[in-house]
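Notes for the structure review
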Amino acid sequence: MATTKDTTPVHEVRPVTQELRIPARYLPTPTIGPGHSFATITDHISTIVLRRKTPIGWFIGLLIAMGGVGLLSISITWLLVKGIGIWGINHPVGWGMDIINFVWWIGIGHAGTLISAILLLLRQEWRTSINRFAEAMTLFAVASAGLYPALHTGRPWFDYWLFPYPNTMGLWPQFRSPLMWDVFAVSTYATVSALFWYVGLIPDLATLRDRATNIWVKRAYGAFALGWRGSAKHWLRYEHAYLLLAGLSTPLVLSVHTIVSFDFAVAQIPGWHATFFPPYFVAGAVFAGFAMVLTLAIPARKFFRLEDFITMKHLENMGKVLLATGLIVVYAYAMEWFYGLYSGNAFEGYMLKNRATGPYAKMYVALWVCNGLAPQLMWFKRFRTSTFWLFVVAMFVNVGMWLERFVIIPASLHRDFLPSSWGMYHGTFWDWSMFIGSIGLFFSLLFLFVRFLPMISIFEMRTLLPEAQAHSHEEAH
Amino acid sequence: MTTTQATGIVRAQVPALIVGILGFIAAIIGWVMNPAEFYRAYLPSYLFWFEIVAGSLAILMLQYVTGGEWGVLIRRPLGAAARTMIVMAVLFIPIAIGLPHIYVWANPEIVANDHLLHLKQPYLNPTFFLLRAAIYFAIWILWAWRIRVLSLRFYEDRAPETEISRRKWSAAGLLMIVLTLTFASIDWVMSLEPKWYSSMFGISFTIGCALSAFAYVTFLLTQLSKTKAMSGILKPSHLRDLGNLMLAFVMLWAYTAFSQFLLIWYGNLKEEVPYYLKRQHGTWGVMAAALVIFHFFLPFFLLLMRTIKDRPNTIAIVTVCILAMRYIEIYWLVGPAHYPESFYFSWMSIAVLIGIAGIWFWFFVQQLKGQTIIPIHETWVEEAIREGRLSTNA
Amino acid sequence: MGGIGKPITGLYGVIAEFSDAQALLDAANSAREEGYTEMDAFSPFPIHGLAEAVGFAKTGLSAVVLTMGILGGIGGFFMCWYANVISYPLNIGGKPYNSWPAWIPIAFECAILLAALGAVLGMLALNGLPMPYHPVFNVRRFDQASRDKFFLVLQARDPKFQLDEVRDFLDKFNPREVVDVPW
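Residues numbered from 1 in each chain as written. Chains lettered and ligands numbered in written order. Predicted model: local features only at pLDDT ≥ 70, side-chain atom pairs only at ≥ 80, totals over all residues. Heavy atoms only, no water.

Notes on the overall build of chain A
- Broken down by element type, chain A carries 18 helices and 0 strands.
- Relative to the globule expectation of 23 Å for 477 residues, the C-alpha radius of gyration of chain A, 25 Å, shows essentially globular dimensions.
- By principal-axis analysis of the C-alpha atoms, chain A measures approximately 80 × 70 × 50 Å.
- Within chain A, the fraction of its 477 residues that count as buried is 60%. (Helix = DSSP H or I, 4+ residues; strand = E, 2+ residues; numbered from the N terminus. Rg over C-alpha atoms; globule rule 2.2 N^0.38 Å. Buried < 20%, exposed > 50% of the residue type's maximum accessible area, 1.4 Å probe, protein only.)

Next up, the structure:
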């Protein structure tokens, strides 16, 4: 230590003498448009909700979406009358579009939690203007997803048997079944997402309460605002609770799609039994979810003139996430081939051959194009910063992720171990009507949301302004 | 005068080298006594240090892609560790020589009489194995030096283009390292049990590498912080960030390890489940239990606590625990392939572990020397770009 | 505070309105240094250091969440174990009755569920919400606290509270206005 005693810490800091030359394209794109103040942010976002006149476009959109809800109601009614035989499922394909759609929807929901929770923990400011919207998307996607397994049970009026409660029959659910894990995972996910969303809304509901002029509107928002008054003590606890919720939601969101993947991977069916299914499904879910956020955010920002709040930086970042998660998914597709060949297992080998050349080969190729090729455009800034191309790529991914689940589920099941048990699967009219119906449900809820609640977190947007920075004088020195 | 010299780490360089050489002399004595045992003992000890080096490269690139304050203080050590990949390539030679002792599939007479191994021969054969290893090392060394060159250029010109170029190399490098580590783990570890396969394995191994590297650099940082040169630089918030990242990787490790176990346990297929059956009886089983407790629960709960994350002395204990458990896990993955009946641990593993430690550390310090330990100029420019303080004069 | 059913009368405190966050933070810090203990600040968004300025630092939520999480995890595991090992053992696919790896997913979900409920309900309960009525809502311009204005209230129950002194004290920070808050 003798040598260190007399040495003062020397950090070589070269004085910056030369003028730094930074081309404009390297400068950061701001997360909020110029010229805003606390008041303009508040008024701009809350006016979308509080204005008297509703744009005609909203009514048209809601009407179309409600048409989907009508179709869904008819489909469910017919399903309850006739049973699940109206779907295309059969032996050996016991899981068809119902489970495909379930996985598709729940995957879409995951981006919402990712944006609101993980990006918060990573201190990514750009999440602020899209998190509310993404969380709402999560809730509605989970609602659409939840329909399918609930109806698939065949006798949905007995679905409460899935919950553990002491009953006169002395029975308990069979907790070794991954389908039971699903019940817990999805209901926990729905509950925690709703809590997260609602907690995020409380200060904004107070803003709406204070801005509303109609007494009934004021009371309605006031009731849900719980008497929020923006007290410093409340804010401190509020932020702590929000951070804790984010910390809890992050492992939760991983666990949900992990458990969904267990539904398949615990089985011994080639194409299902793969140990990397959990992370592969999670990445796929985030991939699909970000594609859906882009699909919704690009038109919404145009329609509601939110370009100042959802800037190109947001869209570009989402493009990057799309690329990163897309690469993980491609890793999974590629490794499936490697392990299939490496294993030396005849059934694994046949499964791959059947995918590439069997009756569903077209879907497999389309899957590679949608999920493998299309997102590669996101390597280039030119495509990442073009709303048109982002939208196109997002649509490819929406389709591709649906195809992925199709390839995993019916395409793995239809060739059983015994050739005598082979079969084919095709969705029927009712399969498709339920799918379209659930899309209608999702959009109806979304239309109602953007009309009645602030789709951008007002109070968090305020914190993005430089004026929001205040320092205690103790900190200054 | 550079801070590295002032930190005193340089004075540990020569003693480390001497200890390393002594370790290797002991290992060579072991090799003379029992070559097969030596080679089998060599692999896990080599992998332990390899994980730190490979993980450092991965985290370095992650840092350059994402930015973030968490990485500012660890960039230099990560870079230095990543550049020691050349040493790891040289230290791979004993494995290449001892192939038939380590890997069943490297014995032609066994392969000839086994249908499945015969089937896998196009992939699992010594020539292709060594070729692949050479390719992995070439790629890793290329990336480590490319990033070094770009960093040096950035130091000179401070042009954002250079920073962007480094970021692009790093982004591509992350893709590269996940793929190469996947295949390296299949080749070097998974093929020890040539009939077993698990597609989670590569992911799990990559996460293990990152965790090892995080634990190593965090430990190094806590030790450096005690010296005068670093005093006042390392703030609790730095350690907290690193602690949180370690927490995340501890959880990811547990996630992949448990998922793989659950799926294989549940599927109960005859080609998969013997892997775990072998690893859960006797002392191997005790090791498995130790992994659950000390590789997950203990660091998990400790790293949840701010009081532990924020202080150099306490977080250092956690990093040591994690590093020790990394070695246990590696040995638990490798050992039962050679000693399936009952637990066996050779003294030569310790000799090799110390031998590589000393020699590797010498090279590590060699790489770390002669530069500031904190890349001040880089952070300044990056921060300025991020905050938009720099104006264009184009 | 009066008894139940009896209207509370008198003065709740004195409130000052500011136009920017820094002014509020400075005023709050000075008030604490001056020796006031019973006060609260209101802002349209969280301000770092403001809670400490009004003399509040610990939220007490971490302990609630950790306890609930551990209870949930143990409870979930116990539920699976009790139902499928003790109460109604069933042989499913030759798996052992105590298939502990299969209990982990549910134990995990229960841990998260209870911890999240603990975070939200704990936050609301400790904050005393919902609270539909509060004296500060009587202030005419208080609805601006959820838009772009900042408020500091010094409460009458503060032992140091002297109406004139408090008004003068608050006036020093250049507020937009200083008004009395009735109960």
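Observations regarding the environment of Gly 55 of chain B
Residues and elements named next belong to chain B.
- Tracing the chain through its elements places Gly 55 in helix H3 (residues 35-66).
- The buried category is assigned to Gly 55, whose relative accessible area is 0%.
- Between the alpha carbons of Gly 55 and Ala 106 there is a distance of 28 Å; along the sequence they are 51 residues apart.
- Look past the residues within four positions of Gly 55 in its chain and what remains in contact with it is Cys 209, Ala 210 and Ala 213. (Contact = heavy atoms within 4.5 Å.)

A few points about the pairing of strand E1 (residues 11-18) of chain C
Residues and elements named next belong to chain C.
- Most of E1 sits out of view: 7 of its 8 residues are buried.
- As paired strands, E1 and strand E4 (residues 177-182) are joined by 6 bridges and run antiparallel to one another. Directly across from Ile 15, in E4, lies its bridge partner Val 179. (Pairing = 2+ DSSP bridges.)

Focus on the side chain of His 134 of chain C
- Here His 134 of chain C shows up in the loop between helix H4 (100-127) and strand E3 (150-155).
- A relative accessible area of 8% means that His 134 of chain C is categorised as buried.
- A polar side-chain atom of His 134 of chain C sits 3.5 Å from a polar atom in the side chain of Arg 229 of chain A.
- Here His 134 of chain C is in contact with Arg 229 of chain A together with Tyr 12 of chain C, once residues within four sequence places are set aside. (Polar contact = N/O pair within 3.5 Å; in protein donor to acceptor, adjacent residues only side chain to side chain.)

So, the interface of chain A and chain C
- Listed per partner, the contact involves 63 residues of chain A and 72 residues of chain C.
- In terms of surface lost to chain C, no three residues of chain A exceed Arg 176, Arg 229 and Arg 237 of chain A, which account for 16% of the buried area on that side.
- Counting across the interface, chain A meets chain C through 23 residue pairs in polar contact (both at pLDDT 80 or more).
- Elements supplying a minimum of two residues to the side of chain A that touches chain C: helix H2 (38-50), helix H6 (178-211), helix H8 (232-265), helix H17 (458-463) and helix H18 (473-476) of chain A.
- No other element matches the 18 residues that H8 of chain A contributes to the side of chain A that touches chain C. (Buried area = accessible area lost by both parts, 1.4 Å probe.)

Focus: the sheet that holds E4 of chain C
Residue and element names in this part refer to chain C.
- Pairing is antiparallel in the open sheet, where 4 strands are placed in the order E2-E3-E1-E4. Strands with a single pairing partner mark the edges of an open sheet, and in this sheet they are strand E2 (39-42) and E4. Strand-to-strand, the axes of this sheet are offset by a mean angle of 20°, without reference to chain direction.
- In this sheet, E3 lies alongside E2 in antiparallel orientation, the contact comprising 4 bridges. Across the sheet, the residue bridging to Asp 40 is Val 153, located in E3. (Axes fitted to C-alpha atoms, helices over the stretch in contact; angles between N-to-C directions.)

Details of a negative patch on the surface
All names here are of chain C.
- Taken together, the side chains of Glu 33, Glu 34, Glu 165, Asp 168 and Asp 171 present a region of like negative charge at the surface.
- Elements with a minimum of two residues in the negative patch: helix H1 (21-34) and helix H5 (163-171).
- If one sorts the elements of the negative patch by residue count, H5 sits on top with 3 residues.
- You can see Glu 165 is positioned in helix H5. (Patch = residues over 30% accessible without salt bridge, like charges linked within 9 Å, V, L, I, M, F, W, Y side chains within 5 Å. Areas by Shrake-Rupley, 256 points an atom, 1.4 Å probe, with all protein chains shown as cover. Salt bridge = Lys/Arg side-chain N within 4 Å of Asp/Glu carboxyl O. Lys, Arg positive; Asp, Glu negative; His and termini not counted. Charge placed at Lys NZ, Arg CZ, Asp CG, Glu CD.)

Here's the deal with the pattern of salt bridges
All names here are of chain B.
- This model, assessed by the stated rule, comprises 23 salt bridges over all chains.
- As a salt-bridge pair, Arg 326 and Glu 329 come within 2.6 Å of each other at their nearest N and O atoms. Taken together, the residues Arg 326 and Glu 329, both in helix H17 (residues 312-338) and 3 residues apart, mark about one turn of the helix. Grouping residues by exposure puts Arg 326 and Glu 329 together as buried.

Some thoughts on a nonpolar patch on the surface
- Taken together, Val 292, Ile 293, Phe 294, Phe 297, Leu 298, Phe 301, Leu 304 and Met 305 of chain B together with Leu 66, Ile 70 and Ile 74 of chain C make up a surface patch of nonpolar side chains, about 930 Å² in accessible area.
- Listed by contribution, the elements that provide at least two residues to the nonpolar patch are helix H15 (282-304) of chain B together with helix H3 (61-87) of chain C.
- For the nonpolar patch, the element with the most residues is H15 of chain B, which contributes 7 residues.
- Relative to the helices and strands, Ile 74 of chain C resides in helix H3.

Observations concerning unusual backbone geometry
- The step from His 91 of chain A to Pro 92 of chain A runs through a cis peptide bond, and the omega angle for that step is 10°.
- Note on placement: Pro 92 of chain A falls in the loop between helix H3 (56-82) and helix H4 (97-121).
- Here Leu 129 of chain C and Pro 130 of chain C are connected by a cis peptide whose omega angle stands at -5°.
- Positionally, Pro 130 of chain C belongs in the loop between H4 and E3.
- The phi dihedral of Leu 226 of chain A is positive, around 60°, even though this residue is not glycine.
- According to the relative accessible area criterion, Leu 226 of chain A is buried, its value standing at 13%.
- Phi is positive for Arg 305 of chain A, close to 50°, though the residue is something other than glycine.
- Tracing the chain through its elements places Arg 305 of chain A in the loop between helix H9 (277-303) and helix H10 (312-343).

Focus on the interface of chain C and chain B
- On the chain B side, the residues contacting the 9 residues of chain C number 7 residues.
- Sorting the residues of chain C by area buried against chain B places Leu 66, Lys 95 and Pro 101 of chain C first, and these three jointly supply 59% of that buried surface.
- Where chain C meets chain B, there are 0 salt bridges.
- In this structure, the connection of chain C to chain B is made through 1 residue pair in polar contact (both at pLDDT 80 or more).
- Where the side of chain C that touches chain B is concerned, the elements lending two or more residues are H3 and H4 of chain C.
- At 4 residues, the largest contribution of residues to the side of chain C that touches chain B is made by H4 of chain C.
- Of the residues assigned to the side of chain C that touches chain B, the class counts are 7 nonpolar, 1 polar and 1 charged. (Nonpolar A, V, L, I, M, F, W, Y, C, P; charged D, E, K, R; others polar.)

Some thoughts on the nonpolar core
Residue and element names in this part refer to chain B.
- Grouped together as the largest cluster of nonpolar side chains are 330 residues, with contacts concentrated most on Phe 50, Tyr 103, Trp 140, Trp 188 and Trp 360.
- The dominant element in this core, judged by the number of residues it contributes, is H3, at 19 residues.
- Those residues within four positions of Trp 140 in sequence are excluded, and the remaining contacts are Phe 50, Leu 57, Met 85, Met 176, Ile 177, Thr 180, Leu 181, Ala 184 and Trp 188. (Core = buried A, V, L, I, M, F, W, Y, C linked by side-chain atoms within 4.5 Å.)

Purely geometric numbers; function is a separate question.
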